[in-house]
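# Examining the three-dimensional arrangement
Single-letter residue listing:
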Amino acid sequence: VTRLRFLNKTPLVVSGARAAYEVLVEKARSFEKSPGLRLLLYYLAGDGLFTSEGELWRRQRRLLAPLFQPAQIERYAAALRDVIVGLAPVLARWESLAARGPELRVDDFAPTEADRAVLTAALARAKEDAGAEAAGDDEAGAMTDKQVRDEATTLFVAGHETTATSLAWSFY
């Protein structure tokens, strides 16, 4: 455990499997996510696992955990392929924007209504293909379409960040 000084806060950095288990599992209710980071990520990922706290976080975690079992992940391969194919027009538009050169505006890459429609249809298909498990059990209830979108965005951001960090360390 390392104690840092940042502005007038004292965050702790935890490393090591035992310490991480203690913070994330045994004493999870004693810790909260950074309000600043939560606010920043909320605009990107909505109410996903990154940004939610308390009962919403526990509910979403219960709904999502079974979906990451190896047998479930194998079931998603075909649905994910279809989602990726469905997103091809969005990615093609982004590629054409990027080809214009360095004179780009950030809002050039903001989702259009057509992009949102493609994403909504792709998520509906993925949710349908995932079956009852993705909809949740009777105790936890089903996720709304907004929650499914927020969790999908959260997973996309997490995958992007993980890949970027791995590449950065590899090139270092």
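Rules behind the numbers
- Counting restarts for each chain, with residues numbered from 1 along the sequence as it is written.
- With pLDDT at 70 or above as the cut-off, local features in this predicted model cover only qualifying residues; side-chain atom pairs require 80 or more to be listed or tallied, and sums for whole chains, interfaces and linings still use all residues.
- The basis for every side-chain value is the complete set of heavy atoms in the structure, and neither hydrogens nor water enter the calculation.
- Here a helix means four or more residues in a row that DSSP labels H or I, a strand means two or more in a row labelled E, and each is numbered from the N terminus.
- When a residue's accessible area, from a 1.4 Å probe over protein chains only, is under 20% of the maximum for its type it is buried; when over 50% it is exposed; and in between it is partly exposed.
- Directions drawn from the helix axis to the C-beta atoms are what define this arc.
- Here the expected span of a helix is defined as 1.5 Å times the quantity of residues minus one.
- Here the bend at each residue means the angle between axes fitted to two seven-residue stretches, the one ending at that residue and the one beginning there.
- Between Lys or Arg on one side and Asp or Glu on the other, a salt bridge is scored when a side-chain nitrogen of the former is within 4 Å of a carboxyl oxygen of the latter.
- Patch membership is restricted to residues that have no salt bridge and whose relative accessible area is over 30%. Joining uses 9 Å for like charges and 5 Å for the nonpolar side chains Val, Leu, Ile, Met, Phe, Trp and Tyr.
- Under the convention used here, a 1.4 Å probe and the Shrake-Rupley method define accessible areas, while residue burial counts only the protein chains that appear.
- The contact criterion used is simple: two residues touch if any of their non-hydrogen atoms lie within 4.5 Å.
- Each residue carries a pLDDT score, the predictor's own confidence in it, on a scale running from 0 to 100.
- N or O atoms within 3.5 Å of each other form a polar contact, as long as, within protein, one can give a hydrogen and the other can take it, and as long as residues adjacent in sequence are counted only when both atoms are side-chain atoms.

On to the overall build of the chain, then. Counting its regular elements, the chain contains 8 helices and 2 strands. Along its sequence from the N terminus, the chain presents helices and strands in the succession β-β-α-α-α-α-α-α-α-α. For the chain, the proportion of its 172 residues judged to be buried stands at 20%.

With that settled, consider helix H3 (residues 54-64). Among the residues making up H3, those that are buried are Arg59, Gln60, Leu63 and Leu64. For H3, the buried positions fall inside an angular range of 125° around the axis, keeping them on one side.

In this section: helix H4 (residues 70-86). Taking 1.5 Å of rise per residue, 17 residues should cover 24 Å, and H4 covers 25 Å from first to last C-alpha, within 8% of that figure. Its maximal kink placed at alanine 77, H4 deviates by approximately 40°. Among the residues of H4, Gln72, Tyr76, Ala79 and Val83 are the ones counted as buried.

Moving on, we come to the environment of serine 15. Here serine 15 is to be found in the loop between strand E2 (12-13) and helix H1 (17-26). Looking at serine 15, the relative accessible area reads 59%, which means it is exposed. Residues serine 15 and threonine 2, spaced 13 residues apart in sequence, show a C-alpha to C-alpha distance of 8.4 Å.

Let us now look at the pattern of salt bridges. Pairing between side chains of opposite charge can happen when the charged atoms of each approach one another. Taken as a whole and assessed by the stated rule, the structure comprises 7 salt bridges. The residue glutamate 26 makes a salt bridge to arginine 18 at a minimum N-O spacing of 3.2 Å. Notably, a salt bridge pairs aspartate 150 with arginine 149, separated by 3.5 Å at the nearest N-O pair. Aspartate 150 gets classed as buried once you look at its relative accessible area, which sits at 3%. A relative accessible area of 37% means that arginine 149 is categorised as partly exposed.

For the rest of this paragraph, the subject is a nonpolar patch on the surface. Together, Val1, Leu12 and Val14 line one region of the surface with nonpolar side chains, adding up to about 270 Å² of accessible area. Along the chain, the position of valine 14 falls in the loop between E2 and H1.

Looking at the element boundaries, threonine 51 is found in the loop between helix H2 (35-45) and H3. Given a relative accessible area of 5%, threonine 51 falls into the buried group. If sequence neighbours within four positions are ignored, threonine 51 has contacts with Lys33, Arg38, Leu41, Tyr42 and Gly46.

Here the focus is the confidence of the model for the chain. For residues with low pLDDT, the predicted coordinates do not support detailed interpretation. Residue-level pLDDT values for the chain average 77, and 85% of them are 70 or greater. Predicted confidence for residues 134-138 stays below pLDDT 50, and this span has 9 contacts to residues more than four positions away or in other chains.

Sequence spacing of threonine 51 and leucine 37 is 14 residues, and the spatial spacing of their C-alpha atoms is 8.1 Å. A polar side-chain atom of threonine 51 sits 2.5 Å from the main-chain carbonyl oxygen of glycine 46.

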